[in-house]
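# Observations on chain architecture
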Amino acid sequence: MGSQKFNAFEMAQSQFDRIADLLKLDQATRDLLRYPIREYQFSIPVRMKDGTMRIFRGFRVQHNDARGPAKGGIRFHPLETVDTMRALAMWMTWKCAVIDIPLGGSKGGVICDPHELSEYEMEQICRGWVRQIARDVGPYQDVPAPEVMASPQTMLWMLDEYEVIHGGKFPGFITGKPVSLGGSQGKKESTGYGVIFAVREALNELNLSLKDTLASVQGFGSVARHAIELYQQIGGRVISVACWDQSDQATYTYRKKEGINYPELLAITDPFGGIDKRKALELGYEILPGEAWIEQEVDILIPAALENQITSENVQQIHPRVKLVAEAANGPTTPEADPVINERGIFVIPDFLANAGGVTCSYFEQVQSNMNYYWEKDEVLARLDVKMTAAYHDVSSLAKKSRQNTRDAAYMIAVSRVAQACKDRGWV
Ligand code: GLU
């Protein structure tokens, strides 16, 4: 997760402080919103397949729930830290506020490496996580969802454990469930498609025809894949994809200048998103170093992997042709790299707006689960497009009106909505 010095929570707080100054927030509101409202850290004992016991560290951080139940994903990653959770929980609060859904922000996770765990051990970790926190999460308190290395199956194990503990059926407890068991149509596409709905609106405003644009993508997980799928379906061309290689413990950029073939790449990808290098070479892909995705001669960069990827060290390598950065990941650009991007006149769709499609569809899933009435895929995606398009234009018009960059404008909208909810409830 980037360099040793990088601390995502400090980054999230420094972004918040800037906006608190711009909005002239009072001291109590600053003190409340700079920190999570609640956080839980716990141990999850698991009997491993070989009979030994191992203890995993688990977290749930609830940043703010003034606008509704807290909402946020669960990550399974060996380098997880409580500060990463805090930052991501805070970003969830802003994300739900900017897209204007009645939810707050939270995030959770377990320090572990799913690559090294059997399915049985993963199930024990998921159930153990729920056992530790079952009284402090729920459909009307805090609703988890999948994130890094989580899946519909992990969500279902968690739901099942929650229902055993509480003695009933509570499909609205968690989102990202399998479609056959209370999941929403369109959920797996939602974050990636949402990014491209926002890209489409931004290109229109920049007077660029999407069909003439080239893109370079960092990441080949669920978000990246669906962004690539929709962007290419509507006429764009992705020329490179950077992807983690588990066996080499390194990232490589796979490039095909005439445009990558998404189904072909998918067919040579393992379940954790790693691309088979030998087969990629046979199919005519160039294999470049992992960092090469950022220096490609393209119009659009889509960082869709982890935080801390566009930094003061590599921001200068962005090619002069680039006009748009669509931040599909959470926190991919550091505050030091931000001004350089702005000075170069590159338009940014900031992370918590660009990738808000995922939580928006989670909200639709929660509504459907609580009603026990499910919508068709077209309906889900059409509603998603309406929410993404409206939020994009709210941010873009405030940016123009207030002469702020889009990140600051998105923050101003989100922070003022949350601050107002806290004030209205009498918390500050
Ligand atoms: N993990 C996703 C995010 O960062 C989605 C969270 C959710 O669906 O609740 O937005």
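Position labels on residues start from 1 in each chain and follow its written sequence. In view of the model being predicted, local features appear only for residues whose pLDDT reaches at least 70, and side-chain atom pairs are presented and counted only at 80 or more, with totals across whole chains, interfaces and linings using the full set of residues. As a rule here, side-chain values cover all heavy atoms of the structure and leave hydrogens and water aside.

## A short note on the sheet that holds strand S5 (residues 142–146)
Any two strands with at least two DSSP bridges between them are considered paired. Secondary structure elements are defined from DSSP: runs of H or I of at least 4 residues count as helices, runs of E of at least 2 residues count as strands, and each element is numbered from the N terminus. Strands sit in the order S1-S2-S4-S3-S5 across an open sheet of five strands; the sheet is mixed. Strand pairing shows two members of the sheet lacking a second neighbour, strand S1 (38–47) and S5, which therefore form its edges. Adjacent strand axes in the sheet meet at a mean angle of 20°, parallel and antiparallel pairs treated alike. Fitting a line to C-alpha atoms yields each axis, with helices limited to the stretch in contact; the angle taken between N-to-C directions then spans 0 to 180 degrees.

## Section: the pairing of S1
Successive side chains on a regular strand alternate, one facing one side of the sheet and the next facing the other. Note: S1 against strand S2 (residues 53–64), ten bridges, orientation antiparallel. What sits directly across from Ile44, in S2, is Phe56. The turn joining S1 and S2, which pair antiparallel and follow one another in sequence, is formed by five residues; a positive phi near 95° is taken by Gly51.

## Regarding the state of the cysteines
Throughout, disulfides are identified as pairs of cysteine sulfur atoms within 2.5 Å of each other. Applying the stated criterion across every chain yields a total of zero disulfides. Note on Cys126: no disulfide assigned, nearest cysteine sulfur contributed by Cys112 at a separation of 8.3 Å. Take Cys422: it sits in no disulfide, and the sulfur closest to it among the cysteines is that of Cys96, at 14 Å. You can call Cys422 buried: its relative accessible area is 0%. Exposed residues in this analysis have more than 50% of their type's maximum accessible area, buried residues have under 20%, and partly exposed residues fall in between, with area computed by a 1.4 Å probe over protein chains only.

## A short note on the site of the ligand
Looking at the ligand, there are 14 residues lining it, with Lys71, Lys95, Lys107, Glu147 and Ser362 nearest. Within the side chain of Glu147, one N or O atom sits 2.7 Å away from a nitrogen atom of the ligand. Each polar contact in these results corresponds to two N or O atoms within 3.5 Å; when the atoms are within protein, one needs to be able to donate a hydrogen and the other to accept it, and residues that are neighboring in sequence are counted only if both atoms are side-chain atoms. Between an oxygen atom of the ligand and a side-chain N or O atom of Lys187, the distance comes to 3.4 Å. In these tables, accessible area is a Shrake-Rupley quantity obtained with a 1.4 Å probe, and a residue counts as shielded only by the protein chains included in the view. Protein contact buries 93% of the 290 Å² of open area that the ligand shows by itself. Looking at the shell around the ligand, the elements that each hand over two or more residues are strand S3 (70–76), helix H3 (82–98), S5 and helix H12 (357–371). Amino acids are sorted into nonpolar (Ala, Val, Leu, Ile, Met, Phe, Trp, Tyr, Cys and Pro), charged (Asp, Glu, Lys and Arg) and polar (every other residue, Gly among them). The residue inventory of the shell around the ligand, partitioned by class, reads four nonpolar, five polar and five charged. Note on terminology: near, applied to a residue and a molecule or strand, indicates that one of the residue's heavy atoms is within 4 Å of it.

## Digging into unusual backbone geometry
For Lys24, which is not a glycine, the phi torsion comes out positive at approximately 55°. If you trace the backbone, Lys24 turns up in the loop between helix H1 (8–23) and helix H2 (27–33). Its relative accessible area of 70% is what places Lys24 among the exposed residues. Positive phi, close to 50°, is recorded for Gln249, a residue that is not glycine. Relative to the helices and strands, Gln249 is located in the loop between strand S7 (237–245) and strand S8 (250–255).

## What about the pattern of salt bridges?
A side-chain nitrogen of Lys or Arg and a carboxyl oxygen of Asp or Glu constitute a salt bridge if their distance falls within 4 Å. Across all of its chains, the model carries 37 salt bridges by this definition. Where Arg38 meets Asp65, a salt bridge forms, and the shortest distance between an N and an O atom there is 2.5 Å. In this pair, Arg38 is assigned in strand S1 and Asp65 in the loop between S2 and S3, connecting sequence segments 27 residues apart. Here Arg38 falls in the partly exposed class, since its relative accessible area comes to 33%. Assessed through its relative accessible area of 18%, Asp65 is described here as buried. Glu189 is paired through a salt bridge with Lys377; the nearest N and O atoms lie 2.9 Å apart. Residue Glu189 is found in helix H6 (residues 187–205), and its partner Lys377 is found in helix H13 (residues 377–402); the two are separated by 188 residues along the sequence. We classify Glu189 as buried; its relative accessible area is 5%.

## Considering H13
Expected helix span is given by 1.5 Å per residue-to-residue step, counting one fewer step than there are residues. The end-to-end C-alpha distance of H13, which contains 26 residues, comes to 37 Å, matching closely the 38 Å that a straight helix rising 1.5 Å per residue would cover. Buried within H13 are the following residues: Val380, Leu381, Leu384, Asp385, Met388, Thr389, Ala391, Tyr392, Val395, Ser396, Leu398 and Ala399. Elements that come into contact with the buried residues of H13 comprise H3, H6, strand S12 (347–349), helix H11 (351–354), H12 and helix H14 (406–424). Looking one or two residues beyond H13, the residue adopting positive phi is Arg403, at roughly 55°. Any two residues whose heavy atoms approach within 4.5 Å at even a single point are treated as in contact.

## Focus on H6
For H6, which comprises 19 residues, the first-to-last C-alpha distance of 27 Å matches the rise-based estimate of 27 Å (1.5 Å per residue) to within 8%. For H6, a buried count of 15 out of 19 residues is recorded, marking the element as mostly surrounded by other parts of the structure. One or two positions beyond H6, positive phi appears at Asn207, with a value near 55°.

## As for the side chain of Thr175
Within the element layout of this structure, Thr175 appears in the loop between helix H5 (152–166) and H6. The class of Thr175 is buried, set by a relative accessible area of 1%. Separated by 2.8 Å, the side chains of Thr175 and Ser362 make a polar contact. Leaving out residues up to four positions away in the same chain, Thr175 has contacts with Lys71, Val143, Pro144, Ala145, Pro146, Met155, Ser362, Glu365 and Gln366.

Read these as geometric descriptors, not functional statements.
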